[in-house]
Amino acid sequence: MATFSIHINGSTKNIDVDPSTPMLWVLRDHFNLVGTKFGCGIAQCGACTVHLGENAVRSCQLPISAVGEQHITTIEGLSENGDHPVQQAWLEVDVYQCGYCQAGQIMTASALLKKNPNPTEEEIEGAMNGNICRCGTYTRIKKAVKKAAEINQNT
Amino acid sequence: MTHIKTKQGRRAFIKNSSLAGGGLVLGFSWFNSCKPKVAEALAVEIEMPKEWYEINGYLKIGDNGVVTIMSPNPEIGQNVRTSMPMIVADELEVDWKNVVVEQAALNTNLYSWQVAGGSRSISSSWQNLRMAGATARHMLKEAAAETWQVPVGEVTAVGGILSHEATGKSAGYGEMASAASKLEVPEEIELKEIKDFSIIGTSRKNVDGKKLVTGKPLFGIDVQREGMLIASVVHPPAFGMKLKSYDAESIKQMPGIRDVFTIKLYNDDFKKMAFHFTAFNELIVVVGDSTWQVFQAKKALNVEWENNPEVTDTMTMFGNDMKVTFPAGMENSEDHTAKLKDITSSKIKVARKDGNPEAAFKNAAKIIERSYSCPFLAHNTMEPMNFFAHVTDDHAELLGPTQTPEWMEPAVSEVLGIPLENIDIQMTRQGGGFGRRLYGHFMVEVAAISQRMKAPVKLVYTREDDMTQGIYRPAYYATYRAAFDTDNNLTAFHVRAGGIPESPLFANRFPAGAIDNYLAEDFTVDSNITTGAFRAPRSNFIAGAEQSFLDEIAEEMGKDPIDFRLELLKRAAEDPVGEKESNDYDANRYAGVLELVREKSNWKQAEPGVHRGVSAYFCHQSYVAQVLDIVMENDTPVVHKVTAAIDCGIVVNPDAASNLSEGGVIDGIGHAMYSGLTFKDGMPEQSNFDRYRLIRHKEAPKKIETYFVQSDIDPTGMGEPPFPPIMGALANALYKATGQRHYHQPFIKEKQIIG
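All residue numbers refer to positions counted from 1 along the written sequence of the respective chain. Chains carry letters and ligands carry numbers; both start at the beginning, A for chains and 1 for ligands, and go up in the order they are written. Local features are withheld for residues below a pLDDT of 70 in this predicted model, meaning they are given only at 70 or higher, and side-chain atom pairs are given and counted only at 80 or more; totals for whole chains, interfaces and linings count all residues. The basis for every side-chain value is the complete set of non-hydrogen atoms in the structure, without hydrogens or water.

The next subject is the sheet that holds strand 19 (residues 320-326) of chain B. All names here are of chain B. Note on pairing: DSSP must find at least two bridges between two strands before they are called paired. We count a stretch as a helix when DSSP gives it H or I for four or more residues in a row; a strand needs E for two or more, and each element gets its number in order from the N terminus. The strand order 15-18-19 describes an open sheet built from 3 strands, whose pairing is mixed. The open sheet is flanked by strand 15 (272-273) and strand 19, the only strands paired with a single partner. The pairing of strand 15 with strand 18 (residues 311-317) spans 2 bridges and is parallel. Of the residues in strand 18, the one forming a bridge with Met273 is Thr316.

The next thing to look at is the domain arrangement of chain A. All names here are of chain A. Domain extents, as shown, originate in an automatic or database domain assignment. Looking at the assigned domains, one finds that chain A contains domain 1 (2-77) and domain 2 (85-153). Using C-alpha coordinates to define each centre, domain 1 is positioned 21 Å away from domain 2. Whether two residues are in contact is decided by their heavy atoms, any of which lying within 4.5 Å being enough. Between domain 1 and domain 2, the residue contacts involve 17 residues of the former and 14 residues of the latter. The term buried area means the drop in 1.4 Å probe accessible area that two parts suffer when joined, counted for both and summed. At the boundary of domain 1 with domain 2, total buried surface from both sides reaches about 1300 Å², with 57% on carbon and sulfur atoms. It is His51, Glu54 and Ile75 that lose the most area in domain 1 upon contact with domain 2, and together they represent 38% of the buried surface on that side. Basic side-chain nitrogens of Lys or Arg form a salt bridge, by our definition, when they fall within 4 Å of a carboxyl oxygen of Asp or Glu. Where domain 1 packs against domain 2, one counts 1 salt bridge. Across the salt bridge formed by Glu54 and Lys114, the nearest N and O atoms sit 3.9 Å from each other. Under this definition, polar contacts are N or O atom pairs within 3.5 Å; protein pairs additionally need one hydrogen-donor-capable and one acceptor-capable atom, and for neighbouring residues in sequence, both atoms have to be side-chain atoms. Linking domain 1 with domain 2 are 6 residue pairs in polar contact (both at pLDDT 80 or more).

Here we take up the packing of helix 10 (residues 405-416) of chain B against helix 11 (residues 441-453) of chain B. Residue and element names in this part refer to chain B. Throughout, an axis means a line fitted to C-alpha atoms (over the contacting stretch in the case of helices), and angles, computed between N-to-C directions, take values from 0 to 180 degrees. It is the contact of helix 10 with helix 11, at a shortest axis distance of 9 Å, that shows an interaxial angle of 30°. Between helix 10 and helix 11, the angle falls in the class roughly parallel. Pair helix 10 / helix 11 crosses with right-handed handedness. Counting all contacts with helix 10, which are made through Met408, Ala411, Val412, Val415 and Leu416, the residues of helix 11 involved are His441, Met443, Val444, Ala447, Ala448 and Gln451. Any residue that is not Ala, Val, Leu, Ile, Met, Phe, Trp, Tyr, Cys, Pro, Asp, Glu, Lys or Arg is counted as polar, Gly included; the first ten are nonpolar and the last four charged. When grouped by side-chain class, the residues that make up the contact of helix 10 with helix 11 number 9 nonpolar, 2 polar and no charged. Oblique is the label for any angle not under 35 degrees, not over 145, and not in the 65 to 115 range, which are roughly parallel, roughly antiparallel and roughly perpendicular in turn. Left-handed describes a crossing whose near helix is turned anticlockwise from the far helix by less than a right angle; the clockwise case is right-handed.

What characterises a pair of aromatic rings is the spacing of the ring centres plus the angle enclosed by the ring planes. Residues and elements named next belong to chain B. The rule is short: rings of Phe, Tyr and Trp, with Trp giving its six-membered ring, pair when the centres are within 6.5 Å, and they are stacked under 30 degrees, edge-to-face over 60, tilted in between. Inspection of the entire model under this criterion finds 29 aromatic pairs over all chains. Every member of this aromatic cluster is reached through a ring pair, and the members are Tyr372, Tyr480, Phe493, Tyr518, Phe549 and Tyr743. Look at NZ for Lys and CZ for Arg. If either is within 6 Å of the ring centre and within 35 degrees of the ring normal, a charge sits over the ring. Over the ring of Tyr735 we find Arg741; its NZ or CZ atom is 3.6 Å from the centre of that ring.

On any regular strand, side chains alternate: one points to one face of the sheet, the next to the other face. The pairing of strand 9 (residues 161-164) of chain B with strand 10 (residues 169-172) of chain B spans 4 bridges and is antiparallel. Among the inter-strand pairings, His164(B) is bridged to a residue of strand 10 of chain B, identified as Lys169(B).

Here we come to the interface of chain A and chain B. Opposite the 52 residues of chain A that make contact, chain B presents 58 residues. When chain A packs against chain B, close to 4800 Å² is buried across both sides, 57% of that on carbon and sulfur atoms. Summed over the three residues of chain A that lose the most area to chain B, namely Gln97(A), Arg134(A) and Tyr138(A), the buried surface amounts to 17% of that side. Viewed at the interface, chain B and chain A are joined by 6 salt bridges. Note that Asp222(B) is salt-bridged to Lys37(A), the shortest N-O span being 3.0 Å. At the surface where chain A touches chain B, the tally comes to 29 residue pairs in polar contact (both at pLDDT 80 or more).

Right, let's talk about the pattern of salt bridges for a bit. When the charged atoms of two side chains with opposite charge come close together, those side chains can pair. Under the criterion given, the structure shown has 52 salt bridges over all chains. Between Arg571(B) and Asp516(B) there is a salt bridge, with its nearest N and O atoms 2.8 Å apart. Taken together, the residues span a long stretch of sequence, with Arg571(B) in helix 14 (residues 561-574) and Asp516(B) in the loop between strand 27 (490-500) and strand 28 (517-524) at a distance of 55 residues. Burial classes: relative accessible area under 20% of the type maximum marks a residue as buried, over 50% as exposed, and values in between as partly exposed (1.4 Å probe, protein chains only). A residue is classified by how much of its surface remains accessible, and Asp516(B), at 42% relative accessible area, is partly exposed. Counted as one network, the salt bridges with shared partners bring together Glu121(A), Glu125(A), Lys142(A), Lys146(A) and Lys702(B).

This next bit is on helix 10 of chain B. Residues and elements named next belong to chain B. Here a helix's expected span is defined as the number of its residues, less one, multiplied by 1.5 Å. Compared with the 16 Å implied by 1.5 Å per residue over 12 residues, the 16 Å span of helix 10 between its first and last C-alpha is a close match. The element helix 10 is extensively covered by neighbouring structure, given that 9 of its 12 residues are classed as buried. Here helix 10 has its buried residues at Pro405, Glu406, Trp407, Met408, Glu409, Ala411, Val412, Ser413 and Leu416. Buried positions along helix 10 lie against strand 15, strand 22 (386-391), strand 23 (396-400), strand 24 (423-427) and helix 11. Phi turns positive, to about 70°, at Gly417, one or two residues after helix 10.

Residue and element names in this part refer to chain A. Overall, mixed pairing links the 5 strands, which are arranged 2-1-5-3-4 in an open sheet. With partners counted over all chains shown, the strands left at the sheet margins are strand 2 (11-17) and strand 4 (55-58), one partner each. Each neighbouring strand pair of the sheet contributes to a mean axis angle of 40°, computed without reference to strand direction. Bridge count for strand 3 (residues 49-52) against strand 4 is 4 bridges, and the pairing is antiparallel. Across the sheet, Thr49 pairs through a bridge with Arg58, a residue of strand 4.

With that settled, consider the environment of Leu62(A). Residue and element names in this part refer to chain A. Along the chain, Leu62 falls in the loop between strand 4 and strand 5 (71-73). For Leu62, a relative accessible area of 9% gives the class buried. Counting along the chain gives 10 residues from Leu62 to Leu52, while the straight-line C-alpha distance between them is 9.6 Å. Excluding residues within four positions of it along the chain, Leu62 makes contact with Thr21, Pro22, Met23, Leu52, Val57, Val67 and Ile72.

You can see Thr462(B) is positioned in the loop between strand 25 (457-460) and helix 12 (463-468). A distance of 2.9 Å separates a polar atom in the side chain of Thr462(B) from the backbone nitrogen of Asp465(B). When residues no more than four places from it in sequence are discounted, the contact partners of Thr462(B) are Phe38(A), Phe295(B), Lys298(B) and Pro384(B).

A word on the packing of helix 3 (residues 102-115) of chain A against helix 5 (residues 138-153) of chain A. Residues and elements named next belong to chain A. Close contact between helix 3 and helix 5 brings their axes to 11 Å; oriented N to C, the two are set at 45°. Judged by the inter-axis angle, helix 3 sits oblique to helix 5. In this structure, helix 3 crosses over helix 5, and the sense of that crossing is right-handed. Here Gln102, Gln105, Ala109, Leu112 and Leu113 of helix 3 lie close against helix 5, whose contacting residues are Ile141, Val145, Ala148, Ala149 and Asn152. Tallied by class, residues from the contact of helix 3 with helix 5 come to 7 nonpolar, 3 polar and no charged.

This part takes up helix 15 (residues 587-600) of chain B. All names here are of chain B. Taking 1.5 Å per residue, 14 residues should reach 20 Å; helix 15 reaches 20 Å between its end C-alpha atoms and fits that length. Restricting attention to buried positions, one finds in helix 15 the residues Ala587, Arg589, Tyr590, Ala591, Val593, Leu594, Leu596 and Val597. For helix 15, the elements touching its buried residues are helix 13 (539-557), helix 14, strand 29 (610-619), strand 30 (622-633), strand 31 (636-647) and strand 34 (703-708). Looking at where helix 15 begins, the residue whose side-chain oxygen comes 2.9 Å from the main-chain nitrogen of Asn588 is Asp586. With its phi angle positive at about 55°, Asn602 sits one or two positions after the end of helix 15.

Residues and elements named next belong to chain B. Partitioning chain B into structural domains gives domain 1 (2-202), domain 2 (223-312 + 379-468) and domain 3 (475-749). The C-alpha-based centres of domain 2 and domain 3 are spaced at 37 Å. Each partner contributes residues to the interface: domain 2 has 19 residues there, and domain 3 has 21 residues. Here domain 2 packs against domain 3, burying approximately 1600 Å² in sum over the two surfaces, 66% of which is carbon and sulfur. Of all residues in domain 2, Phe239, Phe434 and Met467 give up the largest surface area on contact with domain 3, accounting jointly for 37% of the area buried on that side.

All names here are of chain B. Omega for the bond connecting Phe510 with Pro511 falls within 30 degrees of zero, at 5°, which places this linkage in the cis form. Tracing the sequence through the fold places Pro511 in the loop between strand 27 and strand 28. Here the residue pair Gln745 and Pro746 is connected by a cis peptide bond, since its omega of -10° sits within 30 degrees of zero. In this fold, Pro746 is placed in the segment after helix 17 (726-738). A positive phi angle, close to 55°, is found at Ala536, a residue other than glycine. Despite not being glycine, Gln621 has its phi angle at roughly 70°, a positive value. Relative to the helices and strands, Gln621 is located in the loop between strand 29 and strand 30.

Structure representation (structure tokens):
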């Protein structure tokens with residue numbers, strides 16, 4: 001066990017866990033931030049996606065010992081009032097079916113748009129390809145990413 | 001107006017009481033009027049029951065006019081938590097923005113068919129949800145009439161406001177809710193005319209949307225409680241094996257581990273219902289403080305396994321006993337294929353025969369024969385199996401994702417030795433179902449673990465547990481034959497279909513009834529691999545096979561594939577072959593979706609470079625036709641567009657229904673194209689998404705358009721019907737694009753063809 005000081009969603013939290021513990025489980029079991037989802041545990045499905053700095057990363061493969069001073073943003077910290085352009089777009093398009101993968105989809109999409117505010121269809125497909133949606137909402141996800149880019153440009 | 005009697009005959013009012021804080025609570029329970037039909041529909045789709053059930057609606061009106069509508073059924077992504085309350089709200093005549101939706105707990109007194117299965121949530125509750133709203137509306141009107149001393153017939157209710165035009169009086173529902181709650185339930189009420197619906201038939205957004213996009217706890221795996229422990233189970237690595245011995249001490253000292261022990265789910269004399277099915281009856285349990293610690297400890301556990309003998313089990317399926325044999329031994333996919341291909345004639349059973357197919361084949365000028373197959377599939381809900389339980393001496397609280405709370409309750413009761421009335425089951429939102437959560441052994445497991453630990457416990461499966469301890473889609477195989485005369489007319493049709501361990505055949509579905517000489521046969525092969533319902537059971541294979549074969553027949557006859565199907569359907573409508581009403585489908589509605597998809601896809605004028613396939617199928621009382629467009633890009637087929645036409649009766653929430661259509665299309669393309677679970681020495685060869693391939697974003701169609709047939713028929717199934725036919729449309733379009741027919745799923749294994 002070791003003590004870590006983690007910057008998360010704008011605040012700093014202290015935690016005493018095994019250094020190999022993936023951030024996914026630190027978030028879910030210790031910080032009660034359960035919006036980040038467990039899907040596969042091997043970085044294949046994207047349900048656990050969070051932002052490490054400005055990058056979308058799979059928190060199931062991110063040991064707490066590797067985080068250091070970098071800031072983590074989870075779905076709960078993406079916006080104060082749930083009105084990030086990507087969240088607005090997801091609501092407008094009514095993307096979800098079961099909804100379980102969507103936090104990960106939103107975190108991947110918001111990281112994409114931060115780096116590339118106006119992605120092409122191919123760039124969206126490329127960025128989103130690591131996030132599985134078992135219900136098959138891919139066409140809506142793509143529509144919502146485009147819509148979020150529009151909202152960004154109009155604000 | 002449709003008048004409907006609320007008390008006489010088949011229904012019984014059971015509860016009408018004021019809430020402490022003022023307000024109206026209504027609960028109904030009444031027997032469904034068409035029991036046998038319901039039972040038949042179920043038996044066809046998911047091999048279910050012979051008899052059934054009660055159903056009801058439930059609502060609360062607050063004194064401020066806010067209405068809470070309970071959503072009784074499990075929400076697995078089919079959007080019933082939005083669409084079921086919409087039906088109540090429409091008849092209640094309340095503004096949708098004043099509606100709060102709550103998930104109802106399992107309550108067999110108030111509700112029935114609290115099941116996510118058979119695409120029946122809306123259809124089985126349609127009348128009852130309407131009545132729940134309409135009865136409340138009527139009682140509110142009566143309360144206003146009494147208060148204002150005016151005739152009830154002169155009181156109107158619109159958008160949550162009661163008014164009396166002549167005196168100019170008006171009041172919100174909240175003001176009259178308390179008075180209404182003291183009234184007798186009316187003997188008869190009026191339901192709205194379909195043309196007067198103001199919420200049904202309009203698109204309303206998912207009531208959980210905001211919570212979903214902000215990551216609020218909604219799912220079973222999100223449950224947290226004070227003092228809650230985490231548990232996980234260790235199961236045999238192969239089907240055909242069981243626990244021999246294990247060394248608990250090898251992991252007990254690991255950090256955060258509280259206990260390691262075994263549980264046995266069911267005693268030998270417990271008469272299991274089919275949904276109590278489980279792959280492994282005895283499991284090792286690891287309990288600890290956190291999920292990661294438990295998962296790590298599981299990996300470090302020393303265990304020895306041994307071979308299981310052959311087991312014969314009797315399970316009941318809604319009153320019918322089924323004897324199931326699970327052979328000993330470690331099975332291999334190669335052997336499965338061989339067994340399906342080389343089935344001995346003594347195992348083949350005739351399911352339907354019209355005319356003289358033997359003679360027609362004997363006298364045929366030409367016969368074509370094709371075989372189709374598909375592998376086992378794991379459901380792979382994105383949220384792995386999990387459940388929460390807190391069991392005390394005489395009470396059990398369970399909370400989590402299940403498609404069948406009611407059917408699992410007796411099993412939980414049996415294993416705990418706690419009476420049914422002391423078991424409280426509540427449902428969370430569920431990260432997918434697809435049939436997997438019909439089999440709630442994990443509820444029994446967590447209850448037994450909590451009882452032993454005397455603590456609240458959340459059981460969590462790893463993805464590997466979820467994929468290798470499954471209740472899989474069976475492997476199926478079908479051989480089709482068609483006979484032609486010298487004029488190239490279709491004279492006979494023969495299907496022989498089987499599977500491990502069930503046949504996918506629906507003998508009375510299309511094209512039965514459209515061909516004079518018709519023979520349908522089926523067979524089964526025993527296995528110790530656990531299988532069960534997977535989205536559109538059996539249809540999820542046979543639709544694609546049949547629709548691919550019809551495409552080849554049409555080609556053989558030189559006919560347009562839609563025209564060819566319409567000709568058959570015309571025959572089935574005007575002069576059906578077979579016993580009266582022996583054909584399951586309505587040929588005119590079937591033809592209707594084909595005509596609609598032909599029009600909307602602009603079938604006859606495909607753009608240059610677009611290769612199209614068509615498919616149409618009936619299941620869950622609904623009709624779906626799909627046209628799939630492929631364009632070759634860099635020698636790789638890419639699905640550009642799918643056009644779907646659907647007849648599912650009245651559409652409650654059109655945009656949400658379109659979402660299900662899109663999901664069914666993508667799910668169907670994905671499973672036909674990429675997915676499969678194979679076995680070597682009893683072990684699944686895929687245990688996570690690195691080797692089990694699910695469709696991904698790039699592989700989905702660029703565009704999906706869905707058109708609904710305008711209908712006044714009561715709603716029928718929507719969750720499952722869009723899934724099966726697309727596999728046929730895909731195979732038929734691939735043939736047009738590449739010249740290669742595809743017979744064996746996943747198609748990607750036949751040739752590396754799609755990028």
